Amino acid sequence: MGLFDLFRRKKDKASRYSVDRSKMSRIDYLLHVNHSQLEEPHEAYGGINFLQVVERQLAEGQIDLATRNIGNQVKDCFQLANLYWGQGNLARTEAYLNKTLERHQRLVEVCAEHDLPQRSYYGIEYAKCAACLLGIEVEDLARTEPFEPGYEPWFKDTLLSRCLDSRDFDMGAWQTSANEWTRKRHPKYRLEEFSVYMKALTGGYGSTDEMLSEHEKMFAGRARRNPDSDLLDGYHDNELIIDFIFAAILKRVGWEGAYRHSWPGTEGAGSVTRTTKQPDHYLGSIVASQPELNSHTGVIEDTQAARRFVDFHLANQTDWDGALLDAGRPAKECSKVAGVLKDLGWTGDSASLNLLRTYRMDRVLNERTHLFLCEPVGGSSIKMGAWTKLLSEDFGLHPDFIAIAGSEERTDYLDPQGAWYVYWKKDMNVYAIERDEWDRPEVATCDARMGIDHWPSYTSFVAWWISEHLKSHT
């Protein structure tokens, strides 16, 4: 057999699974890809499909791999359900919602058979949503090892868990996780979206019309953003996707009618909403307790006390290997600091000037983030002036802000997202401000909270930065 024959043979095999996208609508293409991934035999799997692959892995003793794959299949089935749901094909939607639960049940069986811990897995929110929509009690959805607060899976899982039980909504736990989200510099707009769900679940809107209007505006607004996200979040192919979290919430609170993002009364994109039964089963709320002053901020507000903290810990700073890391500034650099700060417009702040003359900021560690403190004059690639110039000229950072932390990640300097640490010349405070707002200082800082996105001085911020590093070693 010649080389041309070999190439033609490989091409013929590939053509069994490939399609001409130019001849397919977007929804048909997405359905084809998802069906193929889950149900079609593939050469790479030895002529069997993904569902059969898992059973082979179990038979061969590859239990960890098989359980991860079953978790992925929970999502795959739900994604097909959602795509059919968006097209109004409720029969096929229900079939794949049931398939979602069947895959979850298979995972439960495997974990029980092999005495594996009941961890929350990525995809469990889809099983919870399917159970809520279908009104089915499902074994082992309340896992003993939940997700870590402050990350997206925790919010989704919490919302859908509350759709399945009668417990009051714990506002304190929600606020704690929201604070962690902010500290981790995750996007503010995503937290605001989660708040729409929370308010809908707990009756936080003045009327049903207001609730539905706010949700419609929120979900449609996702089409204007372009984050790296799952298809089911609706940032991409927005008009094809149903907001499954909100649909589960509507079901839980007892709303009935016809709305794009509801079950089973699903309407087409842009259709008129109709309410036939007002919601009457909102969750009660456990009110968050008021924190004691400064007890939960992790911030040393007094500048002199913060400086003593910095001096003490930097004298004994160690890296992950336990080796001492000297952050002291070489004497030959000290005289250059004032000039660099003056050029940036950072003046009249003797405490910050003294701190920056004493220490190289790029050597002040915080291993709980991939960011580094910007260095005014040292050899670091993350220069305060250069980073401020980049964010100002390329991304619209207001000239009253000075960037005090930067990143070596390519995505961060090509398209910085989330919150970024800046020094505001006006009040000499430090803030974590969102990119959507950093051209408007008054807006960006108006709701700032101490220790989350506000520090009363640069010295106080550096002390907090060090305390975060110390947490990573405990």
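Fair warning: this is a prediction, and the values are worked out from it, not measured in the lab. (Residues numbered from 1 in each chain as written. Predicted model: local features only at pLDDT ≥ 70, side-chain atom pairs only at ≥ 80, totals over all residues. Heavy atoms only, no water.)

### Let's talk about the side chain of Asp412
Part 1 of the argument: Within the secondary structure, Asp412 is located in helix α16 (residues 410-414).
Part 2 of the argument: Although Asp412 is buried, it forms no salt bridge, and the closest oppositely charged side chain is Arg185 at an N-O distance of 5.2 Å.
Part 3 of the argument: Of the polar contacts made by the side chain of Asp412, one reaches the side chain of His370; its length is 2.5 Å.
Part 4 of the argument: With residues near it in sequence (within four places) discarded, Asp412 still touches His370, Leu371, Trp387, Ser407 and Trp420. (Helix = DSSP H or I, 4+ residues; strand = E, 2+ residues; numbered from the N terminus. Buried < 20%, exposed > 50% of the residue type's maximum accessible area, 1.4 Å probe, protein only. Lys, Arg positive; Asp, Glu negative; His and termini not counted. Salt bridge = Lys/Arg side-chain N within 4 Å of Asp/Glu carboxyl O. Polar contact = N/O pair within 3.5 Å; in protein donor to acceptor, adjacent residues only side chain to side chain. Contact = heavy atoms within 4.5 Å.)

### A closer look at unusual backbone geometry
Part 1 of the argument: Here Trp263 and Pro264 are connected by a cis peptide whose omega angle stands at 0°.
Part 2 of the argument: Mapping Pro264 onto the fold places it in the loop between β2 (256-258) and β3 (274-277).
Part 3 of the argument: Phi is positive for Asp115, which is not a glycine, with a value near 55°.
Part 4 of the argument: The residue Asp115 is located in the loop between α5 (90-113) and α6 (124-134) in this model.
Part 5 of the argument: Of note in this structure, Asp237 is not a glycine but carries a positive phi near 55°.
Part 6 of the argument: Along the polypeptide, Asp237 turns up in the loop between α10 (208-221) and α11 (244-253).

### As for the packing of helix α3 (residues 50-59) against helix α4 (residues 63-86)
The description of two packed helices rests on the angle between their axes and on the distance between the axes.
Part 1 of the argument: Put simply, α3 and α4 touch, their axes get as near as 8 Å, and they point 160° apart. In terms of their interaxial angle, α3 and α4 are classed as roughly antiparallel. Our pair here, α3 against α4, has a crossing hand that is left-handed. Between α3 and α4, the residues in contact are Phe50, Leu51, Val54, Gln57 and Leu58 and Ile63, Leu65, Ala66, Asn69, Ile70, Gln73 and Asp76, respectively.
Part 2 of the argument: A per-class count over the contact of α3 with α4 returns eight nonpolar, three polar and one charged. (Axes fitted to C-alpha atoms, helices over the stretch in contact; angles between N-to-C directions. Parallel < 35°, antiparallel > 145°, perpendicular 65-115°, else oblique. Left-handed = near helix turned anticlockwise from the far one by under 90°. Nonpolar A, V, L, I, M, F, W, Y, C, P; charged D, E, K, R; others polar.)

### What to know about the packing of helix α8 (residues 171-183) against helix α9 (residues 188-202)
Part 1 of the argument: Running from N to C, α8 and α9 cross one another at 170°; their axes reach a closest spacing of 11 Å. Our classification of the angle between α8 and α9 gives roughly antiparallel. For the pair formed by α8 and α9, the contact residues are Met171, Trp174, Ala178, Trp181 and Thr182 on the first element and Arg190, Leu191, Phe194, Ser195, Met198 and Thr202 on the second.

### Here we look at the sheet that holds strand β10 (residues 454-455)
Part 1 of the argument: Spatial strand order, β6-β8-β9-β10: four strands in an open sheet with antiparallel pairing. The open sheet has two free edges, formed respectively by β6 (401-403) and β10, since each of these has just one partner strand.
Part 2 of the argument: As defined by bridge partners, strand β9 (residues 429-434) adjoins β10 across two bridges and the pair is classed as antiparallel. Across the sheet, Tyr431 pairs through a bridge with His454, a residue of β10. (Pairing = 2+ DSSP bridges.)

### So, the confidence of the model for the chain
Part 1 of the argument: On average, residues of the chain score 89 in pLDDT, and 93% of them are at 70 or above.
Part 2 of the argument: Put simply, helix α1 (residues 3-15) is where the chain has its lowest mean pLDDT, 37, and α11 is where it has its highest, 98.
Part 3 of the argument: Long-range and interchain partners of residues 1-17, a stretch whose pLDDT sits below 50, account for eight contacts in this model, where long-range means more than four residues apart.
Part 4 of the argument: Segment residues 290-296: pLDDT under 50, and three contacts once partners within four positions in sequence are set aside and those in other chains are kept. (pLDDT = per-residue confidence, 0-100.)

### Overview of the packing of aromatic side chains
Part 1 of the argument: Under the criterion given, the structure shown has 29 aromatic pairs.
Part 2 of the argument: Between Phe155 and Trp181 the ring centres are 5.6 Å apart and the planes differ by 90°, which places this aromatic pair in the edge-to-face class. Residue Phe155 is found in helix α7 (residues 152-162), and its partner Trp181 is found in helix α8; the two are separated by 26 residues along the sequence. Pair check on accessibility: Phe155 and Trp181 agree, each one buried.
Part 3 of the argument: Between Trp346 and Tyr458 the ring centres are 5.2 Å apart and the planes differ by 85°, which places this aromatic pair in the edge-to-face class. (Phe/Tyr/Trp six-rings, centres within 6.5 Å; stacked < 30°, edge-to-face > 60°.)

### Remarks on the pairing of strand β8 (residues 419-424)
Part 1 of the argument: Most of β8 sits out of view: six of its six residues are buried.
Part 2 of the argument: Here β8 shows no split at all, with Ala419, Tyr421 and Tyr423 on one side and Trp420, Val422 and Trp424 on the other all buried.
Part 3 of the argument: Two strands pair when backbone bridges link them, and β6 and β8 are joined in this way by three bridges, in the antiparallel orientation. Residue Phe401 lies in a different strand from β8, and its bridge partner there is Trp424.
Part 4 of the argument: Relative to β9, β8 runs antiparallel, the two sharing six bridges. Bridge pairing in β9 links Trp420 to Ile433.
Part 5 of the argument: The antiparallel pairing of β8 with β9 creates a hairpin that spans four residues between the two strands, and Met428 there sits at a positive phi of about 60°.

### Section: the pattern of salt bridges
Part 1 of the argument: Per the stated rule, a full pass over the model turns up 32 salt bridges.
Part 2 of the argument: The closest approach of N and O atoms between Arg190 and Glu193, which form a salt bridge, is 2.8 Å. Of the two residues, Arg190 and Glu193 both sit in helix α9, three residues apart, roughly one turn of that helix.
Part 3 of the argument: Judged by its relative accessible area of 5%, Arg190 falls in the buried class.
Part 4 of the argument: A single salt-bridge network, built from bridges that share partners, covers Glu152, Lys156, Arg190, Glu193, Arg222 and Asp233.

### Things to note about α5
Since one α-helical turn is 3.6 residues long, residues separated by three or four positions face the same way.
Part 1 of the argument: Across its 24 residues, α5 extends 34 Å between first and last C-alpha, which sits within 8% of the 34 Å expected from 1.5 Å per residue.
Part 2 of the argument: Within α5, the full set of buried residues consists of Thr93, Tyr96, Leu97, Thr100, Leu101, Arg103, His104, Arg106, Leu107, Val108, Val110 and Cys111.
Part 3 of the argument: Remark: Asp115 follows α5 within two positions and exhibits a positive phi of approximately 55°. (Expected span 1.5 Å × (residues − 1).)

### Points about the environment of Pro187
Part 1 of the argument: Relative to the helices and strands, Pro187 resides in the loop between α8 and α9.
Part 2 of the argument: The sequence separation of Pro187 and Arg435 amounts to 248 residues, and the corresponding C-alpha distance is 8.8 Å.
Part 3 of the argument: Apart from the residues within four sequence positions on either side, Pro187 is in contact with Trp181, Gly418 and Glu434.

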